[in-house]
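Fold and contact review
This is what each chain is made of:
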Amino acid sequence: MGHEVRWEYLRAIYERYRGAGRRAKGAVLDEFCRSTDYNRKYAIRLLSGPPPDHEPVRRVRRRERRYGQQTVSILAAVWEAAGYPWSARLRALSPLWMPWIRRRFRPSRATERQLLSISPCQMDRRLRDRKSHLRRRIYGRTKPGTLLKRQVPIKTDSWDVKTPGFAEIDLVSHSGNPADREFAHSVDLTDIHTTRTESPTALGHGQAGVQAALEETERGLPFALRGLDSDNGSEFINWHLMVWRERRRIQLTRGRAYRKDDDAHIEQQNWTHVRKLLGWSGTTRPRRSRRSMTSTGTSCACG
């Protein structure tokens, strides 16, 4: 029985139920529940409520905006300065960032209370547009290479290597907003076993430039390259680099398209070793890479 039919049946039975005695009301109610499959308590509320002359209008509950523009802008600034954490972590970090917020924005007491009381769900809603813009800016430069895809096996399992030389590699664009000319790239490489990271630069993403950057990286490593795992970009999956890695007996694998978790190690280093140091903009003339050893033994070469 459809909703409209149930409503018509309620109109027909309503007056009979209201005018019946106690025992007769029970019989009418039983008949109404069997015919409509309504819960008995819900059926009693319908038959005891106002006359069903018209279908009830559902009231739309509209909430007033609780968080002002200043609160949202400060929240976005903290989110960016903290390294784009997810909402639950950003909520936990908010009290720790209050001294920085007071020095930089001088918010009112009411704004401070809002920043400390806003929930993770509200953070996601208020930052939705900024997250969408950031996602388009980060994931818009890789062009998939289809020529040799079938010859390069896909690797999706976790890395379990006990010797150095097996690395993930990616090309990081420094075009800024426009990408209609030749610009610098960072050829980011991270060794899985030692977590050592090398990031030489290359002008453009041509085969020769990427190969020269890989050769520079190989000369700076204290161990031999044994395997490279990349995304599906044509800068790595091409005949030029295929001949180069076969000559050096380097294993080549790739991740699945649009699955960033397959290359989680290099994606993390793209942010910590490239984006946080250089941002998204770059120069049209690459400089020689500079290598510096950190206290953890990780090497970062950024141009």
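Remember, predicted model here, so these are calculated numbers, not experimental data.

Topic: the packing of aromatic side chains
Under the definition given, this model contains six aromatic pairs. When the ring of Tyr9 is compared with that of Phe32, the centres are 5.6 Å apart and the planes differ by 35°; the resulting orientation is tilted. In this pair, Tyr9 sits in helix H1 (residues 3-19) while Phe32 sits in helix H2 (residues 22-36), placing the two residues 23 residues apart along the sequence. There is no split in this pair, since Tyr9 and Phe32 are both buried. With a centroid separation of 5.0 Å and 85° between ring planes, the pair formed by Tyr38 and Tyr42 is classed as edge-to-face. Among the aromatic residues, those joined into a ring-pair cluster are Tyr9, Phe32, Tyr38 and Tyr42. Between the NZ or CZ atom of Lys25 and the centre of the ring of Tyr17, over which it lies, the distance is 5.2 Å.

Describing the environment of Pro222
By the secondary structure assignment, Pro222 is in the loop between helix H10 (207-220) and strand S5 (227-230). Between the C-alpha atoms of Pro222 and Gly165, which are 57 residues apart in sequence, the distance is 9.5 Å.

Details of the environment of Ala92
Within the fold, Ala92 resides in helix H5 (residues 87-93). Taking the C-alpha atoms as reference points, Ala92 and Pro120, separated by 28 residues in sequence, lie 9.4 Å from one another.

With respect to the pairing of strand S2 (residues 184-191)
Among the eight residues that make up S2, eight are buried, leaving the element largely enclosed by the rest of the structure. Of the two faces of S2, the one lined by Ala184, Ser186, Asp188 and Thr190 and the one lined by His185, Val187, Leu189 and Asp191 are each fully buried. Note: strand S1 (residues 166-173) against S2, seven bridges, orientation antiparallel. Each bridged residue has a counterpart across the sheet, and for Ala167 the counterpart in S2 is Asp191. Looking at chain direction, S2 and strand S4 (residues 201-203) are connected through three bridges and run antiparallel.

Some remarks on the packing of H10 against helix H11 (residues 239-247)
Look at H10 against H11: their axes get within 9 Å of each other, and the N-to-C directions meet at 25°. On the basis of their axis angle, the class for H10 and H11 is roughly parallel. H10 and H11 meet at a crossing whose hand is right-handed. Here Gln207, Ala208, Val210, Gln211, Leu214, Glu215 and Glu218 of H10 lie close against H11, whose contacting residues are His240, Leu241 and Trp244. Residue composition of the contact of H10 with H11, by class: five nonpolar, three polar and two charged.

Details of the pattern of salt bridges
This structure, assessed with the given rule, holds eight salt bridges. In this structure, the salt-bridge partner of Lys131 is Asp124, at a minimum N-O distance of 2.9 Å. By relative accessible area, Lys131 is classed as partly exposed at 21%. Judged by its relative accessible area of 31%, Asp124 falls in the partly exposed class. As a salt-bridge pair, Arg196 and Glu198 come within 2.9 Å of each other at their nearest N and O atoms. For the pair Arg196 and Glu198, a shared accessibility class is recorded, and that class is buried.

Cut-offs used in this document
- Residues numbered from 1 in each chain as written.
- Predicted model: local features only at pLDDT ≥ 70, side-chain atom pairs only at ≥ 80, totals over all residues.
- Heavy atoms only, no water.
- Phe/Tyr/Trp six-rings, centres within 6.5 Å; stacked < 30°, edge-to-face > 60°.
- Helix = DSSP H or I, 4+ residues; strand = E, 2+ residues; numbered from the N terminus.
- Buried < 20%, exposed > 50% of the residue type's maximum accessible area, 1.4 Å probe, protein only.
- Lys NZ or Arg CZ within 6 Å of the ring centre and 35° of its normal.
- Pairing = 2+ DSSP bridges.
- Axes fitted to C-alpha atoms, helices over the stretch in contact; angles between N-to-C directions.
- Parallel < 35°, antiparallel > 145°, perpendicular 65-115°, else oblique.
- Left-handed = near helix turned anticlockwise from the far one by under 90°.
- Contact = heavy atoms within 4.5 Å.
- Nonpolar A, V, L, I, M, F, W, Y, C, P; charged D, E, K, R; others polar.
- Salt bridge = Lys/Arg side-chain N within 4 Å of Asp/Glu carboxyl O.

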